[in-house]
Amino acid sequence: MPEEPVCILLPDGKVRKGNKVPDIGSEDLLRIYRVMLLNRRLDERMIKLQRQGRIGFYVGSVGEEASIIGATFALEETDWIFPCYREVGSLLLRGFPLFELCCQLFGNSQDSLQGRQMPNHYASSKLRFGSISSTVGSQIPHATGVGLASKLRGMEDVALTFFGDGATSTGDFHAAVNFAGVYKAQTIFMCRNNQWAISVPSKAQTASESMAVKAKAYGIDGVQVDGNDVFAVYEVTKMAAEKARQGNGPTLIEAITYRLGGHTTSDDPRLYRDDVEVERWEKKDPLLRFRSYLLDTGHLNGEADTTLEKEIKEELKSALDKAEKIDPPTIDTMFEDVLDDTSWHLEEQRKELGRVLKAGNSQQKT
Amino acid sequence: MPEEPVCILLPDGKVRKGNKVPDIGSEDLLRIYRVMLLNRRLDERMIKLQRQGRIGFYVGSVGEEASIIGATFALEETDWIFPCYREVGSLLLRGFPLFELCCQLFGNSQDSLQGRQMPNHYASSKLRFGSISSTVGSQIPHATGVGLASKLRGMEDVALTFFGDGATSTGDFHAAVNFAGVYKAQTIFMCRNNQWAISVPSKAQTASESMAVKAKAYGIDGVQVDGNDVFAVYEVTKMAAEKARQGNGPTLIEAITYRLGGHTTSDDPRLYRDDVEVERWEKKDPLLRFRSYLLDTGHLNGEADTTLEKEIKEELKSALDKAEKIDPPTIDTMFEDVLDDTSWHLEEQRKELGRVLKAGNSQQKT
Amino acid sequence: MPIMNIIQAVNSALRVEMEHDDSIVILGEDVAQFGGVFRATQGLLEEFGPSRVFDTPLSENGIVGSAIGMAMYGMRPIPEIQFVDFIYPAFDQIVNEAAKMRYRSGGQFTCPMVIRTPCGGGIKGGHYHSQSPESYFIHTAGLKVVMPSNPYDAKGLLIASIRDENPVIFLEPKKIYRAARGDVPEGEYTIELGKATKIREGKDVTIVTYGAAVHDVLEAADEAIDEDQIESTIIDLRTLSPYDIHSILDSVMTTGRVIIVHEAPKTCGFGAEISATLNEKALLYLKAPILRVTGFDTPFPYIFEQEYLPNTTRIRKALRDVMDF
Amino acid sequence: MPIMNIIQAVNSALRVEMEHDDSIVILGEDVAQFGGVFRATQGLLEEFGPSRVFDTPLSENGIVGSAIGMAMYGMRPIPEIQFVDFIYPAFDQIVNEAAKMRYRSGGQFTCPMVIRTPCGGGIKGGHYHSQSPESYFIHTAGLKVVMPSNPYDAKGLLIASIRDENPVIFLEPKKIYRAARGDVPEGEYTIELGKATKIREGKDVTIVTYGAAVHDVLEAADEAIDEDQIESTIIDLRTLSPYDIHSILDSVMTTGRVIIVHEAPKTCGFGAEISATLNEKALLYLKAPILRVTGFDTPFPYIFEQEYLPNTTRIRKALRDVMDF
Ligand SMILES: Cc1ncc(C[n+]2csc(CCOP(=O)(O)OP(=O)(O)O)c2C)c(N)n1
Ligand SMILES: Cc1ncc(C[n+]2csc(CCOP(=O)(O)OP(=O)(O)O)c2C)c(N)n1
Ligand SMILES: [Mg+2]
Ligand SMILES: [Mg+2]
């Protein structure tokens with residue numbers, strides 16, 4: 001494992017001495033930038049919306065866009081992603097429609113989850129983006145399972161799972177990485193070390209030198225990367241994906257980044273951390289860093305950037321306005337998909353509730 | 001971590017070049033030997049007894065006596081031990097009466113556990129020997145808790161927990177060692193790597209180079225030791241205990257040893273492993289190794305050894321004969337100790353069963 | 001007497017007990033510096049220091065497992081599980097270790113500890129911030145299970161739980177964490193575990209309930225008096241295991257009609273046990289079937305939370321049904 | 001037709017399904033080379049090779065968690081948990097992940113898999129090789145729970161479970177693994193999940209039971225005919241969730257007397273649910289209280305296993321009690 005975390009773009013957007021940028025065409029560079037920007041603006045907008053009480057809850061990823069989008073870009077579209085709850089950027093890069101995304105946040109009848117889950121708990125089988133559970137770490141073994149199944153079936157599919165620094169303490173992390181090591185599963189373990197698990201700093205999460213070093217406990221490769229450098233994240237993930245695809249086993253990647261915002265809209269980070277630390281990390285903002293690079297290298301100019309901002313603003317507005325008008329799901333959907341077929345007791349319960357709702361409004365004051 | 005596992009006594013009982021034996025007085029050397037021999041004979045006898053159907057089940061530790069007894073001898077009598085299910089040697093060294101031990105195996109009214117648990121699931125608060133659960137790995141966090149509590153209260157007590165190679169895959173191992181690393185708990189994690197988890201070889205348990213290297217994942221020291229060398233196990237454990245006592249944190253010790261017998265009396269190892277391997281390890285037998293050393297160095301002579309064998313044989317016989325005659329516990333004990341006080345429902349159930357038993361025999365044919 | 005909400009009452013209970021018993025330690029995710037995501041342990045780090053109140057890594061089995069060891073060593077740990085929905089990684093440590101420790105060691109080892117954890121719906125928490133899994137723990141021999149419905153009980157029951165010699169699962173209904181307010185003494189007092197409280201006396205129906213549902217039951221019962229001329233006796237169980245069968249029986253023998261109200265899913269929920277026990281002990285007194293008004297047998301839904309919960313409309317319908325039977 | 005015991009029937013079911021469905025994989029501790037500690041997977045490694053049958057590290061959450069991923073990928077994993085007593089480290093993966101996957105993803109992801117695991121007492125296994133935790137899983141929406149009582153059902157139910165689109169907890173009563181023998185077809189056949197079977201018809205009492213207890217019930221019922229002149233209808237539920245309420249109701253409406261027999265502890269056990277549901281649906285048909293003959297509310301004891309289990313003496317006493325009421 002290299003002493004220094006892999007880094008290509010310096011905080012000011014200049015290329016680090018002795019490094020070369022991955023060869024990604026201009027179109028793709030702009031696509032990545034667009035999604036990073038969209039991710040940022042989406043988060044800002046939704047956090048406002050939550051404050052206005054128009055959505056119930058929101059989880060942002062401000063400051064972590066590079067680790068999420070860079071890693072996703074390094075995969076094939078057919079590779080599987082098992083997200084934690086902060087990786088909306090992966091969905092956006094894979095083309096998940098903003099409108100559908102807003103429908104999930106409102107939990108309306110066009111939400112493919114039928115309003116069953118909290119905001120941000122997306123799922124998309126079409127995009128091979130796993131179903132989000134709030135339970136920290138629980139998705140990690142699923143990625144091992146897919147990476148193993150793919151191998152057993154002689155397929156080239158790779159599974160990448162995102163999780164935080166806190167998740168490394170879970171029994172699911174331990175089991176998942178250990179199994180992957182034993183079976184050489186086609187899996188990538190992407191730890192977004194954003195330095196905090198709600199109020200617990202990563203130094204208090206474990207006494208290990210790093211998260212990457214934990215790979216040794218499972219006999220697999222571990223690597224640290226500057227998580228705010230989209231190029232470095234891309235390169236490291238790309239290598240890990242190729243290695244996995246060739247049957248050479250899993251990799252644990254530690255992307256060193258920072259949660260610039262609150263844990264969720266329910267959190268107030270000023271209660272447990274110092275603004276100075278936040279400001280230090282704001283200087284390493286992955287979005288600004290990438291923008292400077294694109295501007296310096298002429299892939300982007302100020303004008304184009306402004307237009308982009310305008311476009312995104314409008315896209316967001318129209319998606320939101322459209323989604324907000326949509327009716328909630330029908331109450332019967334509450335009783336569907338528990339099992340593939342409904343059984344007598346659920347049928348009874350559905351009818352019972354139906355009678356009650358007919359009898360009068362079921363709104364309950366608290 | 002040294003490349004080579006720590007070793008002082010070679011398989012032939014000679015002292016390894018450049019090493020010196022720990023200074024342990026002759027009396028203690030013989031005490032250790034006596035307990036190792038007793039452990040061996042006890043296992044042999046009980047496995048016979050189980051075949052004869054006189055006890056229901058038995059777990060032996062043949063081949064692993066040095067790792068168990070050497071580690072226990074390195075502790076203070078006031079230190080805590082959290083055993084797996086193979087560490088009867090610790091109990092014997094701490095003076096647990098053979099008679100009580102046999103009572104546990106029979107589950108009779110003199111068993112301090114009131115016949116509630118399977119054979120070998122001993123517990124002794126007096127000897128600070130934890131209560132054995134069959135659930136692999138579940139005792140490991142308890143040792144972290146005691147090592148942490150001792151530290152928080154400013155005490156010098158150390159907790160040592162024994163577990164197998166298979167247990168390193170559990171979420172309880174992961175959590176326990178990680179917590180201990182974070183808090184610098186006064187805890188020693190003693191992994192008896194006996195090469196097998198029932199039929200699963202330790203190489204299939206994890207892809208890590210060793211069990212000791214897993215310490216890196218928790219930022220603590222890890223060390224490998226020849227688990228069939230009672231001196232090496234003693235030295236390594238002693239150092240770990242002193243380090244812990246001084247508040248310098250936990251240690252993960254991997255004692256490399258071998259399960260010469262079946263997993264339990266329910267197991268038939270010939271179904272999954274090769275006699276050649278077993279014979280190779282029989283040459284490293286910890287008991288024979290230590291005996292040769294004692295004979296070579298004059299701490300023991302053939303005659304004394306024969307007397308010892310005779311004594312042990314008789315002790316075993318009389319403890320067994322006495323224990324086997326003792327009545328089972330009264331049926332009411334089944335309803336005690338669920339909570340500190342009995343509640344109405346247990347009281348009702350106790351009475352209900354009482355009535356049934358009066359009404360007639362409750363033996364159920366199957 | 002100061003007015004407190006349940007959070008404040010819990011905080012007060014922890015403080016008064018920690019003051020006179022230095023074997024008590026509080027551990028969990030975000031409980032120290034942050035004072036808990038619901039602020040229940042706020043100020044305790046400052047008052048008692050980092051060796052009494054500390055954050056843990058993100059591992060519920062580690063939290064409960066190390067707490068068991070601490071309890072065996074003679075301390076009184078009070079682990080917090082941030083939401084009961086996340087207690088399952090610790091399920092083995094709770095049901096196979098803590099619950100069986102006293103029994104399996106013949107009473108040589110015990111683990112007195114209180115696992116505090118917020119439970120129930122009402123905060124739009126979806127699948128994983130709304131669950132009511134009490135039945136899993138009631139079915140497990142060797143545990144006590146407690147759920148208060150108001151600040152006074154919360155403090156008295158928590159102090160009693162801390163002083164209890166058994167592992168206690170202390171479920172805090174987060175929906176009413178702040179909504180339920182009332183007079184709470186500053187100092188120490190206990191409410192005996194295993195004793196229910198009758199919070200209304202009425203001749204027609206016995207309503208057995210606990211936790212946040214108590215408030216909906218009260219509201220429904222009040223409406224039912226005026227609008228349906230149904231008078232209910234309301235029993236707040238407070239302790240779910242072992243529970244107070246006698247209070248229930250006494251009332252059922254006079255009313256002969258029973259409804260049981262809880263948020264947890266119906267099938268194999270605690271209501272089933274109460275109904276089955278009443279069937280065994282009081283069948284001839286029953287004038288109507290025992291009805292259960294509970295959560296449905298689905299995962300806890302986000303959007304339809306209000307419809308899912310046993311709300312006043314459903315409770316009143318059940319009251320009418322047992323009367324009209 | 002060959003005679004098989006339950007182990008052989010399970011093995012046969014796995015073999016016939018694996019032959020025609022190559023998406024099936026078997027994983028667990030000691031299932032491959034060793035063929036399982038009860039030999040249920042014996043010979044499958046040899047027949048289907050290491051990519052279809054493989055051993056895992058010692059981690060139940062790893063076993064179930066990776067099986068979930070495999071199922072999402074389109075395979076049909078059949079994880080074995082060596083003893084159900086050790087399933088709790090996987091409890092979160094089962095109740096929060098597998099059980100909720102279909103619902104929470106709006107049906108986009110499913111995890112069809114069968115978690116096979118030996119359960120129940122009778123082999124002198126003490127606390128940790130004897131448990132009957134079915135109630136935990138019956139209380140959890142999104143799972144099916146199955147427990148056969150004989151080799152024919154074991155094979156037919158297991159094949160049906162493997163072909164089912166939902167996660168199934170398949171509980172194998174180890175006490176009768178070898179003791180229960182009978183004719184079992186070589187080839188494939190299924191027994192529909194959710195359907196009980198009436199194995200005796202009698203006018204006086206309805207006995208609802210499942211698993212190993214079925215055999216004790218049969219024996220007790222036979223004795224009761226001659227010695228107590230009590231004729232029982234015996235219903236073997238076979239599927240515990242969702243269970244066959246209709247078969248139970250039909251019988252109860254004719255007999256009016258019910259006893260429920262299971263090994264699991266009484267409080268919040270499955271017997272409570274059945275009793276409560278009968279109370280709701282058939283109160284006026286009941287001529288006597290519904291009695292539960294179950295394990296006691298203690299950890300499973302070693303020495304007093306026979307007294308703990310719902311044995312024939314206890315069953316016969318319950319039969320007399322419901323008749324004499
Ligand atoms: C098993 C479990 N325990 C506790 C929680 C409550 N919780 C939600 S997020 C979180 C912190 C997660 O931190 P980390 O893994 O670093 O991810 P991040 O939020 O920083 O991206 C906690 C404790 C949970 N969701 N699941
Ligand atoms: C959690 C759990 N899973 C499975 C088992 C069944 N089992 C009992 S011992 C054992 C192997 C343990 O191997 P190891 O940890 O190496 O200890 P050893 O027996 O070799 O001393 C297994 C799988 C168990 N007891 N607990
Ligand atoms: Mg984090
Ligand atoms: Mg081993």
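Remember, it's a predicted structure, so these values are computed and weren't measured experimentally. (Residues numbered from 1 in each chain as written. Chains lettered and ligands numbered in written order. Predicted model: local features only at pLDDT ≥ 70, side-chain atom pairs only at ≥ 80, totals over all residues. Heavy atoms only, no water.)

Q: Got a sec to walk through the coordination of the magnesium ion (ligand 4)? Specific residues and values, please.
A: All names here are of chain B. In the first shell of the magnesium ion (ligand 4), the protein supplies Asp 165 (OD), Asn 194 (OD1) and Trp 196 (O), at 2.0 to 2.1 Å from the metal. Along the chain, the residues donating to the magnesium ion (ligand 4) fall in the pattern D-x28-N-x1-W. On the criterion of sequence distance, the pair formed by Asp 165 in the loop between β2 (159-164) and α6 (171-183) and Asn 194 in the loop between β3 (187-193) and β4 (196-197) is long-range, its members being 29 residues apart. Classification of Asp 165 as buried rests on a relative accessible area of 1%. (Donors = N, O, S within 2.8 Å, 3.2 Å for Na, K, Ca; no water. Helix = DSSP H or I, 4+ residues; strand = E, 2+ residues; numbered from the N terminus. Buried < 20%, exposed > 50% of the residue type's maximum accessible area, 1.4 Å probe, protein only.)

Q: Any chance you could break down a nonpolar patch on the surface for me, citing the residues and the numbers?
A: A surface patch of nonpolar side chains, about 430 Å² in accessible area, is lined by Met 253, Leu 284 and Tyr 285 of chain C together with Phe 325 of chain D. Looking at the secondary structure, you find Phe 325 of chain D in the segment after α12 (312-324). (Patch = residues over 30% accessible without salt bridge, like charges linked within 9 Å, V, L, I, M, F, W, Y side chains within 5 Å. Areas by Shrake-Rupley, 256 points an atom, 1.4 Å probe, with all protein chains shown as cover. Salt bridge = Lys/Arg side-chain N within 4 Å of Asp/Glu carboxyl O.)

Q: Quick rundown of the site of ligand 1? Include the residues and the values.
A: Surveying the vicinity of ligand 1 reveals 20 residues, the closest of which are Tyr 85, Arg 86, Asn 194 and Trp 196 of chain A together with Glu 60 of chain C. Proximal residues around ligand 1 fall on chains A and C, making this an inter-chain site. With respect to ligand 1, the side chain of Tyr 85 of chain A contributes an N or O atom lying 2.6 Å from an oxygen atom. At 2.7 Å from a nitrogen atom of ligand 1 is found a side-chain nitrogen or oxygen belonging to Glu 60 of chain C. (Near = heavy atom within 4 Å. Polar contact = N/O pair within 3.5 Å; in protein donor to acceptor, adjacent residues only side chain to side chain.)

Q: Could you give me a rundown of the pairing of strand β2 (residues 159-164) of chain A, with the residues and numbers involved?
A: Residue and element names in this part refer to chain A. In terms of burial, β2 is a largely internal element, six of the six residues being buried. Sheet analysis places β2 next to strand β3 (residues 187-193), joined by six bridges and oriented parallel. Residue pairing across strands places Gly 164 opposite Arg 192, the latter belonging to β3. Regarding the hand of the β-α-β motif, the stretch spanning β2, helix α6 (residues 171-183) and β3 is right-handed. (Pairing = 2+ DSSP bridges. Right-handed = clockwise from strand over helix to strand, strands pointing away.)

Q: How would you summarise the nonpolar core if you had to cite specific residues and measurements?
A: By size, the foremost hydrophobic cluster in this structure holds 170 residues, and its most contacted members are Ile 94 and Leu 237 of chain C together with Ile 94 and Leu 237 of chain D. Sequence-distant contacts of Ile 94 of chain D, that is, excluding residues within four places in its chain, are made with Val 64, Ile 87, Ala 99, Ile 115, Phe 137, Leu 143 and Ile 169 of chain D. (Core = buried A, V, L, I, M, F, W, Y, C linked by side-chain atoms within 4.5 Å. Contact = heavy atoms within 4.5 Å.)

Q: Describe the relation of the copies chain D and chain C, with residues and values.
A: Each of the two copies of the chain can be brought onto the other by a rotation about an axis and a shift along it. The transform that puts chain D on chain C rotates by 180 degrees and translates by 0.0 Å along the axis, for an RMSD of 0.0 Å. Given the turn and translation reported, the copies of this chain are related as if by a two-fold rotation axis. Take the interface residues of chain D: 100% of them recur as interface residues in chain C, which is what a same-surface contact looks like. (Least-squares fit on C-alpha atoms with pLDDT ≥ 70 in both.)

Q: Could you give an account of the site of ligand 2, naming the residues involved and the relevant values?
A: The immediate surroundings of ligand 2 are formed by 20 residues, with Tyr 85, Arg 86, Asn 194 and Trp 196 of chain B together with Glu 60 of chain D found nearest. One finds residues of chains B and D in close proximity to ligand 2. Interatomic distance of 2.9 Å between a backbone N/O atom of Gly 166 of chain B and an oxygen atom of ligand 2. A distance of 3.0 Å separates an oxygen atom of ligand 2 from a polar atom in the backbone of Ala 167 of chain B. Protein coverage of the free-state accessible area of ligand 2, which is 580 Å², stands at 96%. Residues of the shell around ligand 2, tallied by class, amount to eight nonpolar, seven polar and five charged. (Nonpolar A, V, L, I, M, F, W, Y, C, P; charged D, E, K, R; others polar.)

Q: So, the sheet that holds strand β13 (residues 258-265) of chain D: which residues are in play, and what are the values?
A: Residue and element names in this part refer to chain D. Reading across the sheet, the five strands line up as β9-β11-β10-β13-β14 and stay open at both edges, with mixed pairing between neighbours. Strands with a single pairing partner mark the edges of an open sheet, and in this sheet they are β9 (197-200) and β14 (291-295). Here the average twist between neighbouring strands, direction ignored, is 25 degrees. Bridge analysis of β13 against β14 gives four bridges, and the strand direction is parallel. Its bridge partner lying in β14, Ile 259 is registered against Leu 291. On top of the sheet, helix α8 (residues 213-228) reaches β9, β10 (205-209), β11 (232-236) and β13; it is set at about 170 degrees to β11, its chief contact. Sheet strands in contact with α12 are β10, β11, β13 and β14, and its direction is about 165 degrees off that of β14. (Axes fitted to C-alpha atoms, helices over the stretch in contact; angles between N-to-C directions.)

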